[in-house]
Amino acid sequence: MDMVGGRVVLHKQPFFDHFKELNKRIIQSLILAMFFSVIAYFNYSNLYEVLVNPLKKAGFSTNDLLSFTLYEGFQVKITNTIFIGILVSLPFIVFIIGNFFIPAFEKLSKSKFIFYLILFLLFFYTGIFSAFKTFPFAIEFFLSFNDANFILRTQSYFQLLFRICLLFGLTFQLPLLVAFLISKEVIKISLITNNRREVFILLLILSAIITPTGDPVTLFIFAIPLYLFIELAIYIQIKRNKN
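Computed from a prediction, not measured in an experiment: that's the story for all the values here.

### What about the overall build of the chain?
- A count of helices and strands for the chain gives 10 helices and four strands.
- When the helices and strands of the chain are placed in sequence order, the string is β-β-α-α-α-β-α-α-β-α-α-α-α-α.
- In the chain, which comprises 243 residues, the proportion classed as buried is 37%.
- In the chain, the proportion of contacts linking residues at least 24 apart, taken out of those at least 6 apart, comes to 79%.
- When the accessible area of the chain is evaluated, it comes to approximately 14,700 Å², of which 68% is carbon and sulfur surface.

If you want it as structure tokens, here you go:
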């Protein structure tokens, strides 16, 4: 693989050479994830306070979290540190794995490919941030269905938190999908720019489906950043078309 005129030139290699290269990059990614997981493990007390902050905002304390088995506390700690390790190392992993696939996009320069990866990470972490901020509302929403006493299990709390964060992070890739469809001329820019109100309403409906609560605060926290990112994607595509 060489760089010619700012573009990647692919030299054909045997299948197993590509396979070995991919394995090498996967191993590097795993080592990075484990490295950050170990750091998270030794700083877990501080990270734990951050993770349970939504619970405190919903009116609970850490004493309300209960474990059902002897090993559950250890299991939750390991799971949480691995998740945080992957989350922190994700930018490095994306670039390590992404560089392997650059040659497959012969018409895409390396700088543009890196730009798209940066956008992916920006949208992903914004989605996670939005999920974390709205999680207290989700807790209150779920508790509204409990008419009797209940047990707040530690494992269930963190599983729900991480699932919602991942769901938001992936859903926030919608602007990139829109940009891709526009670039491939599957949809026209005018279809969105001429129907901005309708697009925002559709995002509100999507927010109502994806978010665990139905309150206006959660809907707008989810929908507004998503809409702004779609506008950003359209602006970038318009600038590209002019150039």
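Now that the structure has been shown, the text picks up again.
### Regarding a nonpolar patch on the surface
- A contiguous nonpolar patch, built from V38, Y41, F42 and F74 and spanning about 440 Å² of accessible area, is present on the exposed surface.
- A per-element tally of the nonpolar patch places helix α1 (residues 15-42) first, with three residues.
- You can see F74 is positioned in helix α4 (residues 72-101).

### Notes on the pattern of salt bridges
- As enumerated under the stated definition, the model contains four salt bridges in all.
- Its salt-bridge partner being R25, residue E21 comes within 2.9 Å of it at the nearest N-O pair. On the criterion of helical spacing, the pair formed by E21 and R25 is a turn pair, its members being four residues apart in helix α1.
- A relative accessible area of 29% places E21 in the partly exposed class.
- Residue R25 is classed as buried on the basis of its relative accessible area of 16%.

### Section: the nonpolar core
- Core analysis: the largest hydrophobic core is formed by 49 residues, its most contacted members being Y157, F158 and L161.
- If you list the elements that add at least two residues to this core, you get α2 (44-51), α4, α5 (110-143), α6 (154-171), α7 (174-183), α8 (189-193), α9 (196-210) and α10 (216-242).
- Residues within four places of Y157 in sequence aside, it is in contact with L51, V52, P54, L55, L65, F135 and I139.

### Digging into the confidence of the model for the chain
- Across the chain, pLDDT averages 80, with 84% of residues at or above 70.
- Across residues 7-11, where pLDDT falls below 50, the model places 17 contacts with residues more than four positions away in sequence or in other chains.

### Remarks on the packing of aromatic side chains
- Under the defined criterion, the tally for this structure stands at 14 aromatic pairs.
- Both rings, one in F35 and one in F36, keep their centres 5.3 Å apart while their planes meet at 75°; by these two values the pair is edge-to-face.
- The class for F35 is partly exposed, based on a relative accessible area of 47%.
- An aromatic cluster is present here, built from Y44, Y48, F83, F135, Y157, F158 and F162 joined pairwise through their rings.
- Directly above the ring of Y41 sits K77, whose terminal nitrogen or CZ lies 4.2 Å from the centroid.

### Considering the side chain of S130
- When you line up the elements, S130 lands in helix α5.
- S130 has contacts with F168, F172, I221 and P225, leaving out every residue within four places of it along the chain.

Scoring rules and cut-offs
Residues numbered from 1 in each chain as written. Predicted model: local features only at pLDDT ≥ 70, side-chain atom pairs only at ≥ 80, totals over all residues. Heavy atoms only, no water. Helix = DSSP H or I, 4+ residues; strand = E, 2+ residues; numbered from the N terminus. Buried < 20%, exposed > 50% of the residue type's maximum accessible area, 1.4 Å probe, protein only. Contact = heavy atoms within 4.5 Å. Areas by Shrake-Rupley, 256 points an atom, 1.4 Å probe, with all protein chains shown as cover. Patch = residues over 30% accessible without salt bridge, like charges linked within 9 Å, V, L, I, M, F, W, Y side chains within 5 Å. Salt bridge = Lys/Arg side-chain N within 4 Å of Asp/Glu carboxyl O. Core = buried A, V, L, I, M, F, W, Y, C linked by side-chain atoms within 4.5 Å. pLDDT = per-residue confidence, 0-100. Phe/Tyr/Trp six-rings, centres within 6.5 Å; stacked < 30°, edge-to-face > 60°. Lys NZ or Arg CZ within 6 Å of the ring centre and 35° of its normal.

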